[in-house]
Amino acid sequence: ATEYDGHALQFLAVADLNYLAWKTGIIRFKGEALSEVVKFLSTHYGESIRIEKNIDPSLLITVELNKLSMDQSLEIISSTLDLHYIKEKQGYVIK
């Protein structure tokens with residue numbers, strides 16, 4: 001990212017890997033907790049996702065999702081963590 005303070009142009013480091021996901025369609029997670037991944041995907045796709053109570057929300061995942069649908073993204077995340085997901089009337093459930 002860049003910033004202009006009136007005197008000089010400064011380049012700032014961007015810590016969020018997904019700050020351009022809305023534009024590029026590329027979503028990256030590096031050692032992120034499942035709960036944070038679900039929160040981001042829910043906002044990004046505008047769909048409800050919940051994690052069943054018997055699943056550890058702190059499971060870590062590193063993955064890149066390149067221009068995928070919600071179903072494709074959840075399929076990759078679920079299979080990477082040896083989990084499953086289903087679509088219900090009120091949204092998605094990771095189990």
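For the structure, check the block above.
For every chain, the first residue of the written sequence is number 1, and numbering continues from 1 onward in sequence order. Selection of residues for local features in this predicted model requires a pLDDT of at least 70, selection of side-chain atom pairs for listing and counting requires 80 or more, and totals for whole chains, interfaces and linings are taken over all residues. Neither water nor hydrogens contribute to the side-chain values; these are computed over all heavy atoms in the structure.

S.K.: I'd like to hear about the packing of aromatic side chains, residue by residue, with values.
M.R.: Aromatic ring pairs are reported here in terms of the distance separating the ring centres and the angle at which the planes meet. Pairing of aromatic side chains requires ring centres within 6.5 Å, counting the rings of Phe and Tyr and the six-membered ring of Trp. Pairs whose planes differ by under 30 degrees are stacked, by over 60 edge-to-face, and all others tilted. A complete count under the given rule lists two aromatic pairs for this structure. Arranged with centres 5.8 Å apart and planes meeting at 80 degrees, the rings of phenylalanine 29 and phenylalanine 40 form a pair that is edge-to-face. On the criterion of sequence distance, the pair formed by phenylalanine 29 in strand β3 (residues 26-33) and phenylalanine 40 in helix α2 (residues 34-45) is long-range, its members being 11 residues apart. Overall, the relative accessible area of 5% leaves phenylalanine 29 in the buried class. Overall, phenylalanine 40 belongs to the partly exposed group, its relative accessible area being 24%. Plain terms: the ring middles of tyrosine 85 and tyrosine 92 are 6.0 Å apart, the flat faces sit at 40 degrees to each other, and that makes the pair tilted. Strands here are runs of E lasting at least two residues and helices are runs of H or I lasting at least four, both read from the DSSP assignment and numbered beginning at the N terminus. Throughout this description, buried means an accessible area under 20% of the type-specific maximum (1.4 Å probe, protein chains only), exposed means over 50%, and partly exposed covers the range between.

S.K.: How would you explain the nonpolar core if you had to name every residue and give the values?
M.R.: As used here, the term nonpolar core means buried Ala, Val, Leu, Ile, Met, Phe, Trp, Tyr and Cys residues forming a set that is joined through side-chain atoms within 4.5 Å. Judged by nonpolar contacts, the single largest core of 19 residues is most densely connected at Leu34, Leu41, Ile49, Leu74, Ile77 and Ile94. Secondary structure elements with two or more residues in this core: β3, α2, β5 (60-66), α3 (70-80) and β7 (91-94). Ranked by the residues each element gives to this core, the list is headed by α2, at four residues. The contact criterion used throughout is that any non-hydrogen atoms of two residues lie within 4.5 Å. Apart from residues lying up to four places away in sequence, leucine 34 is in contact with Ile51, Ile55, Asp56, Pro57, Leu59, Ile77, Leu81, Leu83 and Ile94.

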